[in-house]
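Given next are the chains, with one letter for each unit.
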Amino acid sequence: MSTRFGRWLFASILLLRGKSTYERVRLIRSAFLIALVMIPLVLALIFMDGMMRGITDKYILLQDGHFQVYAREEIDGDLGDIDPTIVSADYVVSGYGIVYSKDATSEVRIKGVDASYFNDRRRGQLTFTDEPFGSETGRLASVILGKVVAERLGVEVGERVAFMVVPDSSAMVVRPVLAVVSSLFSSGYHELDSSLVYMDRTSALRYFPKDKNAYTEVLVQSEASDRLDGIASNVISQSHLDAEYATWDEFNTTVYQNFITSRQVILLVFIMILVVAGVYVASIAQELVQDSMQSIALYKTLGARTGQIGRAFFAAVMVVTVSGMAIGVAIGLLVGSQLGFVMEWLGESGIAGLQYYLLDFPVVVSWSDIIFICFTMLVISSFTVFLSLGRIRRISPLELLQQD
Amino acid sequence: MIEPLLRFDSVSKEYVSGDTRLSILEMLDFSVSSGESVAITGKSGSGKSTLLNIAGGLDAPTSGEVLFLGKRLKGMHDRELSEFRNRHIGFIFQSHILLDDFSAVENVCIPALIKGDSRRKVVPRAKALLERVGLAERMQHRPNKLSGGERQRVAICRALINDPDLLIADEPTGSLDEESSGGIERLLFDLVKEQGRTLLLVTHDTQLAKKCAKVHLLHNRSLKELS
């Protein structure tokens, strides 16, 4: 006995030879329903990864860098010579304070940076109303406010605001400091726009003690972001510094852990959805077998083995499943690639609550996760279909012949 | 001594339902030699089809042995029994049982495809058989477009496609009108004669039974040879 009969039967099932319109529509509908399960999974995955990557990038590029080296003075030399994956190293000073206008106050993180801090990568994450630190402010500090802070305070470019620096020690004298708003920025992420203020570094160094608040903020190429500890240690040892370092996830432990936990929970939910989908796929197999009871009994009577018949039905159902999955993944990717525009549009619509999402949305396709989802779906479906096809074994040729 | 093609040795069959035992066949001994045509007659419900099912390896006796070319069917694995049915037995059922999803020629091809023959090899053979039974113009028709007699002719072709050692026919004219029955009877016996087939026929039609070389009557769970 060869597999010729199996192939013939497989093709007959799949090509719906002689089947009614209802049966044809049902099989196409099954593939469509599998696609409908896959579309939201792929979309959710793109949304989740894009949101996580986007927010992570904002924190890394605009607030913390990939890692910070706590050296009191600026590190000499080009760190790119130590490790070619280092993109930039900026000497910055950072602290917390309260910013005042005549109408309102806001708690902020103040970051003292040079104009050169806003390199191409950072500018890719920001939009400014005016060139950073491009205008003369005399002896007053020049500050760039997030748009949300500016709206809250009711100030515009060229106006003055006052700062009260939160002291790190009782030895500091706390007094209000005047500053000129030289520009406004928007990062596309409400959290940063409502809490971060850039100040020119020279001024910031007057209000925050260098020994406690100054450090070098380092950015590396994306592909090197999984070996930050090694790069930081290398920088410290080769620069002959007696300094410590910390990576971005150590500053943002809560955010980072939330991402990791959310991702795990969502993947778990995905698996539960896939189990339900797998049960649905098994029901397709059951319906096909139910409709073919007489044919199966006849094939068995004529000498076909249960295994031959079962394999043909299994392969046909899996082809329907894989087709549905492929269509679902393709549509999911297509719609997912437009999520950036959708989020932007939603952001402009002013829907409440969206402010906590990233509206400047990068499309991130995690192929490994999509493959994982497809593989899991295939394993679950294979298992459920295999179990449901046990019915073929129980169909007896005698069912066809009970006439006497 | 030449081994018969099919031999029943003290074959009994009973069905158990709860505490009730229903005996259908009791200690049957009979044989069919190669090239012979044997008819089993009896009233409806006498166990004729059960006997055929056991002979064709579709059902197992409760006790006794069935031997085909000297080989016991009892010890065969499902896989071996499937192969046995495919290679050695050609079934003709009362209600033809063709698949409406396929054309006449495709229906005829099915046992050969199961056997492992390629379509290229088997389709000409199937067409030749259909031509032989007068269905040259109806090969591509689906069964639901054929008359009862035409369907039964397709079923006969399907039974013959693998050159089986034994043709088992269960009331082959039972669902046909008188005219069609006559045609099918003639065709069946002509083909058996032409191809030197062995035929085991079950019928309650005594006239049809008489066309066989041997006739057995199944009565009260036992077989009695009439001729």
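Residues numbered from 1 in each chain as written. Chains lettered and ligands numbered in written order. Predicted model: local features only at pLDDT ≥ 70, side-chain atom pairs only at ≥ 80, totals over all residues. Heavy atoms only, no water.

### Description of the packing of helix H1 (residues 4–14) of chain A against helix H3 (residues 104–115) of chain B
Our working rule: Note on geometry: axes are lines fitted to C-alpha atoms, helical ones only across the stretch in contact, with angles between N-to-C directions running from 0 to 180 degrees. We count a stretch as a helix when DSSP gives it H or I for four or more residues in a row; a strand needs E for two or more, and each element gets its number in order from the N terminus. For classification purposes, angles smaller than 35 degrees are called roughly parallel, those larger than 145 roughly antiparallel, those between 65 and 115 roughly perpendicular, and all remaining angles oblique. When checking whether two residues touch, look at their non-hydrogen atoms; a contact exists if any pair is within 4.5 Å. Under the convention adopted here, Pro, Cys and the residues Ala, Val, Leu, Ile, Met, Phe, Trp and Tyr are nonpolar, Asp, Glu, Lys and Arg are charged, and Gly plus all remaining residues are polar.
At their nearest, the axes of H1 of chain A and H3 of chain B sit 6 Å apart, and the two run at 130 degrees to each other. Considering their axes alone, H1 of chain A and H3 of chain B lie oblique with respect to each other. Along its contact with H1 of chain A, which presents Arg4, Phe5 and Trp8 of chain A, the element H3 of chain B presents Ile110, Leu113 and Ile114 of chain B. Across the contact of H1 of chain A with H3 of chain B, the residue classes tally to 5 nonpolar, no polar and 1 charged.

### Regarding the interface of chain A and chain B
In plain terms, the rule: Each of two parts loses accessible area, computed with a 1.4 Å probe, when they are put together; buried area is these two losses added. For this analysis, a salt bridge means a side-chain nitrogen from Lys or Arg found within 4 Å of a carboxyl oxygen belonging to Asp or Glu. Any pair of nitrogen or oxygen atoms within 3.5 Å is treated as a polar contact; in protein, a donor-acceptor pairing is required on top of that, and neighbouring residues in sequence qualify only through side-chain atoms on both sides.
Contacts between chain A and chain B engage 26 residues on the former and 34 residues on the latter. Together chain A and chain B conceal approximately 2800 Å² of surface at their shared face, both sides included; 59% is due to carbon and sulfur atoms. Counting every contact that joins chain A to chain B gives 0 salt bridges. Where chain A meets chain B, there are 4 residue pairs in polar contact (both at pLDDT 80 or more). For the side of chain A that touches chain B, the leading source of residues is helix H11 (residues 293–301) of chain A, giving 6 residues.

### Re unusual backbone geometry
Residue and element names in this part refer to chain A. Spelled out, the test is: Residue burial is assigned from relative accessible area. The probe radius is 1.4 Å, only protein chains are included, and a residue is buried under 20% of its type maximum, exposed over 50%, and partly exposed in between.
The phi torsion at His240 lies on the positive side, around 55 degrees, for a residue other than glycine. Here His240 is to be found in the loop between helix H8 (228–238) and strand S10 (245–247). We classify His240 as exposed; its relative accessible area is 71%.

### With respect to the pairing of strand S5 (residues 141–146) of chain A
All names here are of chain A. Inclusion rule: A pair of strands is treated as paired once DSSP finds two or more bridges between them.
Within S5, 6 of the 6 residues are buried, which leaves it mostly tucked inside the rest of the structure. Every second residue of S5 is oriented toward a common face, with Ala141, Val143 and Leu145 on one face and Ser142, Ile144 and Gly146 on the other, all of them buried. Summarising the sheet, S5 and strand S7 (residues 176–186) pair through 6 bridges and their orientation is parallel. Bridge pairing in S7 links Ile144 to Ser183.

### Topic: the packing of aromatic side chains
Both the distance between ring centres and the angle between the ring planes are used here to describe each pair of aromatic rings. Residue and element names in this part refer to chain A. Applied cut-off: A pair of Phe, Tyr and Trp rings is counted when the ring centres sit within 6.5 Å of each other, with Trp represented by its six-membered ring. The angle between the planes then sorts it: under 30 degrees is stacked, over 60 is edge-to-face, the rest tilted. Throughout this description, the term charge over a ring refers to an Arg CZ or Lys NZ atom that lies within 6 Å of the ring centre and within 35 degrees of the ring normal.
Counted under the stated rule, the structure contains 15 aromatic pairs over all chains. Here the aromatic rings of Phe118 and Phe133 are separated by 6.3 Å at their centres, their planes lie at 45 degrees, and the arrangement is tilted. Taken together, the residues Phe118 in the loop between strand S3 (105–113) and helix H3 (120–123) and Phe133 in the loop between strand S4 (127–128) and S5 connect sequence positions 15 residues apart. Neither residue differs from the other here; Phe118 and Phe133 are each classed as buried. Counting every residue linked through ring pairs, the aromatic cluster contains Tyr117, Phe118, Phe128, Phe133, Phe185 and Tyr198. The cationic tip of Arg122 hangs over the ring face of Tyr117; the distance from NZ or CZ to the ring centre is 3.7 Å.

### Here we look at the environment of Leu218 of chain B
Residue and element names in this part refer to chain B. Structurally, the position occupied by Leu218 is in strand S9 (residues 214–219). With relative accessibility at 2%, the residue Leu218 sits in the buried group. Considering only alpha carbons, one finds Leu218 and Leu22, 196 residues apart in sequence, at a separation of 16 Å. Ignoring sequence-local partners within four residues, the contact set of Leu218 consists of Leu25, Leu28, Ile40, Thr41, Gly42, Ser46, Gly47, Lys48 and Leu223.

### Brief notes about the confidence of the model for chain B
What counts, and what does not: Values of pLDDT, the confidence the predictor places in each residue, fall between 0 and 100.
Confidence in the prediction of chain B, expressed as mean pLDDT, is 89, and 99% of residues score 70 or more. Confidence metrics for the complex model read pTM 0.77 and ipTM 0.91.

### Here's the deal with the layout of surface pockets
Residues and elements named next belong to chain A. Rules: Cavities and pockets are found on a 1 Å grid laid over the protein atoms alone: a cavity is a set of points where a 1.4 Å probe fits but cannot escape, a pocket is an open set with protein on both sides within 12 Å along at least five of seven lines, and a lining residue has an atom within 4 Å of such a point. Grid points are joined across faces, edges and corners, and a volume is the space filled by probe spheres set on the points. Boundaries between domains were set according to an automatic or database domain assignment.
As a volume, the largest pocket reaches approximately 680 Å³. As for the largest pocket, its lining consists of 27 residues, and the residues nearest its centre are Arg53, Thr56, Ile60, Ser225 and Trp248. Among the secondary structure elements, those contributing two or more residues to the lining of the largest pocket are helix H2 (21–64), H8, helix H9 (248–251) and helix H10 (253–291). Here the lining of the largest pocket takes 7 residues from H2, the largest share from any one element. Looking at side-chain class alone, the lining of the largest pocket contains 10 nonpolar, 7 polar and 10 charged residues. Looking at which domains feed residues into the lining of the largest pocket, each of domain 1 (2–56 + 256–401) and domain 2 (71–243) gives three or more.

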